[in-house]
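An overview of the molecular structure
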Amino acid sequence: MLSRILQPHSTYNAILALRLTYILFYIFSFLSNGNFDVVEARVFIYAGCSQDKYQPSSPFESNLNSFLASAVSGASQAIYNSYALGNDSSSPPDAAIFGLYQCRGDLRTSDCSRCIESAVSQIGLVCPYSYGAALQLESCYVRYEHVDFLGKLDTGLMYKKCSKSVSSDVEFFRRRDDVLADLQAATGFRVSSSGLVEGFSQCLGDLSSADCSSCLEDAVGKLKNLCGSAEAADVFLEQCYARYWASGYYDSPTDSSNEDQIGKTVAIIVGVVAGLAVIIVLLSFCRKALGKNPIFFSFLGHATIPFL
Ligand SMILES: *[C@@H]1O[C@H](CO)[C@@H](O)[C@H](O)[C@H]1NC(C)=O
């Protein structure tokens, strides 16, 4: 079960925070002359991690690694696949893993494979040693569990995001409802637009048409009930998602929601901490280099007095 949902906000500010963290890592790895393995941070839409942890070097871990490798190689062949490993009687108990990956329906397999590679490289960092994890990036999704969830209908809400409301624009709501009705009728992946409203929806590849319809009905219902008159909104359920936006909405990332304020705060904190850390590291290097130079210390001493 996925009991912890992480939701970094896929906005400008979160990207800024990640960039600053990246720069900090880069500087540290440079200064320490170590071989830091800097993983490029990309913003994900949501992640969920089980609280139960597996033991390093356990049979589960080796099946997990096989699953992740299979997902990467599978994504160069097809945009969806599911896997069951270690669930036969010859495997040790606790080794079973069930997993799947899926890319957005309009992705070419070469792009799908790149996206899954990125998801696979992040999932272990976001959910270390987790018995179950799900990671939704902008164009692909990876999930694994210790229990068999494959093909079982589950419409739990994983993530929603509602933008600010549109003022009473009758035309917008009419178009929006047209798009949502169209998205709800999808049986796999569907892109839709009406006037200045666009959207797309998708079900997991193992869902029957009937289950896909009922999942999308639920997702569209939540878009309307939870996001009301939002200019853009996303709802991700366990097995399907639906998203719509007013044309041009994503061209200008000037959204003043609370989420953005949190993102901004995080960016500022990370920036300040990174800045202080860099100064401390540089000072300690200077001290080491110039440790026997009294002029340097008196300079430091005098410089700090006015601020104390
Ligand atoms: C393992 O799980 C998969 C997926 O549910 C199932 O199709 C397969 O029959 C299972 N294998 C065994 C040996 O139980």
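Residues numbered from 1 in each chain as written. Predicted model: local features only at pLDDT ≥ 70, side-chain atom pairs only at ≥ 80, totals over all residues.

As recorded in an unreviewed UniProt entry, the chain goes by Gnk2-homologous domain and comes from Dillenia turbinata. A UniProt comment under Sequence similarities (unreviewed entry) is attached to the chain, and it reads "Belongs to the cysteine-rich repeat secretory protein family. Plasmodesmata-located proteins (PDLD) subfamily." (UniProt positions renumbered as here; feature names shortened; annotations may be inferred.)

So, on to the overall build of the chain. Along the backbone of the chain there are 7 helices and 11 strands. The buried share of the chain, taken over its 308 residues, is 33%. (Helix = DSSP H or I, 4+ residues; strand = E, 2+ residues; numbered from the N terminus. Buried ≥ 20, exposed ≤ 12 C-beta atoms within 10 Å, placed from the backbone.)

Considering the arrangement of structural elements, one finds Leu223 in helix α5 (residues 209-227). We classify Leu223 as buried; it has 26 C-beta atoms within 10 Å. C-alpha of Leu223 to C-alpha of Val235: the two residues are 12 residues apart in sequence and 6.2 Å apart in space. Not counting residues within four places of it along the chain, the set of residues in contact with Leu223 comprises Leu180, Ala233, Val235 and Ala242. (Contact = placed C-beta atoms within 7 Å.)

Before going further, it helps to examine the nonpolar core. Counting residues in hydrophobic clusters, the biggest one holds 64 residues, and the most contacted among them are Ile116, Leu216 and Ala219. Looking at which domains feed residues into this core, each of domain 1 (4-145) and domain 2 (157-251) gives three or more. (Core = buried A, V, L, I, M, F, W, Y, C linked by C-beta atoms within 7 Å. Domains from an automatic or database assignment.)

Below, the discussion takes up the environment of Glu117. With respect to the helices, strands and loops of the structure, Glu117 is situated in helix α3 (residues 109-126). Sequence separation between Glu117 and Val72 is 45 residues; the distance between their C-alpha atoms is 5.6 Å.

In the region of the ligand, the neighbouring residues are Ala84, Asn87, Asp88, Asp148 and Leu150. Taken together, the residues that form the shell around the ligand break down as 2 nonpolar, 1 polar and 2 charged. (Near = placed C-beta within 6 Å. Nonpolar A, V, L, I, M, F, W, Y, C, P; charged D, E, K, R; others polar.)

Next up on the list: helix α2 (residues 59-74). Compared with an ideal rise of 1.5 Å per residue, which puts 16 residues at 22 Å, α2 spans 22 Å between its outermost C-alpha atoms and is within 8% of the ideal. Those residues of α2 that sit buried are Phe60, Asn63, Leu64, Phe67, Leu68, Ala71 and Gly74. For α2, the buried positions fall inside an angular range of 140° around the axis, keeping them on one side. Exposed residues pointing more than 90 degrees away from the buried face of α2 are listed as Ala69 and Ser73. (Expected span 1.5 Å × (residues − 1). Arc of directions from axis to C-beta.)

We now examine unusual backbone geometry. Here the phi dihedral of Ser57 falls at roughly 65°; this positive angle occurs in a residue that is not glycine. Within the element layout of this structure, Ser57 appears in the loop between β2 (46-49) and α2. With a phi angle near 75°, Asp94 is a residue other than glycine that sits in the positive phi range. Counting through the fold element by element, Asp94 comes out in the loop between β3 (80-85) and β4 (97-103).

This part is about the packing of helix α4 (residues 170-184) against α5. The contact between α4 and α5 brings their axes to 9 Å, and the two run at 160°. Classified by the angle their axes make, α4 and α5 are roughly antiparallel. The two elements α4 and α5 cross, and the hand of that crossing is right-handed. Between α4 and α5, the residues in contact are Leu180, Leu183 and Gln184 and Leu216, Glu217, Val220 and Leu223, respectively. (Axes fitted to C-alpha atoms, helices over the stretch in contact; angles between N-to-C directions. Parallel < 35°, antiparallel > 145°, perpendicular 65-115°, else oblique. Left-handed = near helix turned anticlockwise from the far one by under 90°.)

As a further point, take the confidence of the model for the chain. Per-chain confidence: the chain averages 80 in pLDDT, with 71% of residues scoring 70 or above. Contacts of residues 22-41 to residues separated by more than four positions or lying in other chains number 17 contacts, the stretch itself having pLDDT below 50. Across residues 253-262, where pLDDT falls below 50, the model places 14 contacts with residues more than four positions away in sequence or in other chains. (pLDDT = per-residue confidence, 0-100.)

Reading across from one edge, β7-β10-β11-β9-β8 is the order of the 5 strands in this open sheet, with antiparallel pairing throughout. With partners counted over all chains shown, the strands left at the sheet margins are β7 (157-162) and β8 (189-194), one partner each. Shown here is a sheet whose adjacent strand axes are inclined to one another by a mean of 5°, direction ignored. Taken together, the 6 bridges between β8 and strand β9 (residues 197-203) define a ladder with antiparallel strand orientation. Bridge pairing in β9 links Phe189 to Gln202. Of the strands in this sheet, β8, β9 and β11 (240-246) are in contact with α4, which crosses β8 at around 160°. (Pairing = 2+ DSSP bridges.)

What follows is about α4. When the terminal C-alpha atoms of α4 are compared, their 21 Å separation across 15 residues agrees well with the 21 Å that a helix rising 1.5 Å per residue should span. Considered for burial, the residues of α4 that qualify are Arg175, Arg176, Val179, Leu180, Leu183 and Gln184.

Looking now at the pairing of strand β6 (residues 140-145). Extensive coverage of β6 is indicated by the burial of 6 of its 6 residues. Burial along β6 is two-sided: the face carrying Cys140, Val142 and Tyr144 and the face carrying Tyr141, Arg143 and Glu145 are both buried. Relative to β6, β4 is paired through 6 bridges, and the arrangement is antiparallel. In the sheet register, Gly99 faces β6, and the bridge partner there is Tyr144. Note that strand β5 (residues 133-136) and β6 share 4 bridges and pair antiparallel. Its bridge partner lying in β6, Ala133 is registered against Tyr144. Here β5 folds back onto β6, and the loop between the two strands holds 3 residues.

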